[in-house]
Amino acid sequence: MATSIYLDNNATTAVDPKVLEEMIPYFSEHYGNAASLNHRFGKNAAEGVNIARLRVGNLIEASEKEITFTSGATEAINLAIKGVFNRYQSIGKHIITSTVEHRAVLDVCRYLEKKGAEVTYLPVNRNGQINLNELNAAIRKDTILVALMYANNETGVISPINKIAEITAAKQVLYFCDATQAVGKIPISVQEAPIDLMAFSAHKIYGPKGIGALYIKRKNRRIQLEPLLHGGGQENHLRAGTLNVPGIVGFGAAALEAQKKMLAEGLRLKELRDFLEEEILKIEETFSNGSISDRLPNVSNITIRFLKSEQLMAKLGNIAMASGSACSTGSLEPSHVLLAMGLDKDDAHASLRLSLGRFTTKEEIATTIQLLKKEIAYLRKQSPIWELYEKGMIK
Ligand SMILES: *Cc1c(COP(=O)(O)O)cnc(C)c1O
């Protein structure tokens, strides 16, 4: 039985066939450089980019002028945080972020610490959420940026974005939001929340890899960013380099599809996710991680105590999932997100992230439940630690 089940949609998604179909002519026919406006090839490419920019902007209720295309969310995050620091460090060098951000944010912050930045890492509670009073109290006269994510990639926990943005706006500090997991899954409006900068990516929403965007608010005072790349002056001199036209067109198509499907898809996936989670939580010594009420509809992060999720995944080679461990310089480290939420190392290593997506079926979830139950029972039976637990010798 070679059934392959993909439950790792928070890592990346399949390209939607509709997206691929829209991209193909931009490889084969409209292959001009979008900056070569003196001939038809270039004009066609530029037209494709313009439409995509409108569609990507629409998905978050931004104007097309506020969208800068990058190679992905990682680059958009680098452009936002380094761009602000390099431009505003004469005003202040303090940045506020949290302990559960994606590594792209944390690694940029650590890098900037070496360049003279001072960074406050806000802690989170057991539900994976920061305390808004602590955020408010952490903002200083020399704070230039608050970087807090929209939805967590490991747990799906959604932050109180509107409240964060109110706090930063009141204190006149720039707010950058890594919205890579939230965009396309839940309704987002930069009109409602006064976010200044927001990063997201096509490949998490059924678009191609290697293309992302940074939203830069154009209202009120103009945000000045120092570019990372210098060259041909593309993207308003913010991001030099010939535009990735097929990628951008694919991003636009993915944004349009997401906008159309978001609500129905969210409801369908929540139902499947809840079913999956309820069934796994019937197994003894299991618990789910992250706020139940403020969570993306497609993710479940579950700790299955007294086993190693890497072992479980090796047993279930046909089901793509993610563990609560991350590979760092050759060794398996427990997830920094789960540790920040108060799990101990063993429980972090015993955690599993299941992320559903557009192409996940009910049958696949039923099969996953059945196989997970079987292998969990098998692995525990083999485990000396489980034996000790069953004898009541450990807790
Ligand atoms: C995937 C992801 C990123 C990185 O996005 P890329 O486009 O792969 O660079 C950043 N932040 C979050 C929350 C993510 O899920």
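A brief look at the structure comes next. The shown structure was predicted, so the numbers you read here are calculated from the model rather than taken from an experiment.

1. Here we look at the packing of helix α3 (residues 40–59) against helix α9 (residues 245–281)
Okay, step 1: Interhelical geometry of α3 versus α9 gives an angle of 35 degrees and a closest axis separation of 8 Å. Judged by the twist between their axes, the crossing of α3 over α9 is left-handed. Together, Ala45, Gly48, Val49, Ala52, Arg55, Val56, Asn58 and Leu59 of α3 and Val245, Ile248, Val249, Phe251, Gly252, Ala253, Ala255, Leu256, Ala258, Gln259 and Met262 of α9 make up the contact between the two elements.
Okay, step 2: For the contact of α3 with α9, a count of residues per class yields 14 nonpolar, four polar and one charged.

2. Observations regarding the site of the ligand
Okay, step 1: By nearness alone, 13 residues border the ligand, and Thr74, Asp178, Gln181, Ser201 and Lys204 come closest of all.
Okay, step 2: Backbone polar atom of alanine 73 to an oxygen atom of the ligand: 2.8 Å apart, as the coordinates give it.
Okay, step 3: Between the ligand and aspartate 178 there is a distance of 2.7 Å, counted from a nitrogen atom to a side-chain nitrogen or oxygen.
Okay, step 4: Burial of the ligand by the protein amounts to 87% of the accessible area it has alone, namely 380 Å².
Okay, step 5: It is helix α4 (residues 73–88) that provides the largest number of residues to the shell around the ligand, a total of three residues.
Okay, step 6: A class-by-class count of the residues in the shell around the ligand yields three nonpolar, eight polar and two charged.

3. Some thoughts on the pairing of strand β5 (residues 143–147)
Okay, step 1: With five of five residues buried, β5 is to be regarded as a mostly interior element.
Okay, step 2: Of the pairings in the sheet, the one linking strand β3 (residues 94–98) to β5 comprises three bridges and is parallel in character. What sits directly across from isoleucine 96, in β5, is valine 146.
Okay, step 3: In this structure, β5 lies alongside strand β6 (residues 174–178), joined through three bridges in parallel fashion. Bridge pairing in β6 links alanine 147 to phenylalanine 176.
Okay, step 4: Considered for its hand, the β-α-β crossover made up of β5, helix α7 (residues 161–170) and β6 is right-handed.

4. Describing the sheet that holds strand β7 (residues 197–201)
Okay, step 1: In spatial order, the strands read β2-β8-β7-β6-β5-β3-β4; together these seven strands make up an open sheet with mixed pairing. Each having just a single partner strand, β2 (67–70) and β4 (118–122) make up the two edges of the open sheet. Averaged over all neighbouring strand pairs, the angle between strand axes comes to 20 degrees, with direction disregarded.
Okay, step 2: Pairing of β7 with strand β8 (residues 212–216) involves five bridges; the strand directions are antiparallel. Within the sheet, the bridge partner assigned to methionine 198 lies in β8 and is tyrosine 215.

5. Describing the side chain of serine 355
Okay, step 1: By the element assignment, serine 355 lies in strand β15 (residues 351–355).
Okay, step 2: Looking at serine 355, the relative accessible area reads 0%, which means it is buried.
Okay, step 3: Each residue touching serine 355, except ones within four places of it in the same chain, is listed here: Tyr6, Leu7, Asp8, Asn9, Asn10, Asn298 and Val299.

6. Here we look at the sheet that holds strand β10 (residues 299–304)
Hydrogen bonds along the backbone pair up the strands of a sheet, which may run parallel or antiparallel.
Okay, step 1: Read from one edge of the open sheet, four strands run β9-β10-β15-β12, paired in antiparallel fashion. Both outer strands of the open sheet, β9 (286–288) and β12 (322–323), are each paired with one neighbouring strand and no more.
Okay, step 2: α9 contacts β9, β10 and β15 of the sheet and is inclined by roughly 5 degrees relative to β10.
Okay, step 3: Along the sheet face, helix α13 (residues 362–382) touches β9, β10 and β15 and points at about 170 degrees away from the line of β15.

Conventions used here
- Residues numbered from 1 in each chain as written.
- Predicted model: local features only at pLDDT ≥ 70, side-chain atom pairs only at ≥ 80, totals over all residues.
- Heavy atoms only, no water.
- Axes fitted to C-alpha atoms, helices over the stretch in contact; angles between N-to-C directions.
- Helix = DSSP H or I, 4+ residues; strand = E, 2+ residues; numbered from the N terminus.
- Left-handed = near helix turned anticlockwise from the far one by under 90°.
- Contact = heavy atoms within 4.5 Å.
- Nonpolar A, V, L, I, M, F, W, Y, C, P; charged D, E, K, R; others polar.
- Near = heavy atom within 4 Å.
- Polar contact = N/O pair within 3.5 Å; in protein donor to acceptor, adjacent residues only side chain to side chain.
- Areas by Shrake-Rupley, 256 points an atom, 1.4 Å probe, with all protein chains shown as cover.
- Buried < 20%, exposed > 50% of the residue type's maximum accessible area, 1.4 Å probe, protein only.
- Pairing = 2+ DSSP bridges.
- Right-handed = clockwise from strand over helix to strand, strands pointing away.

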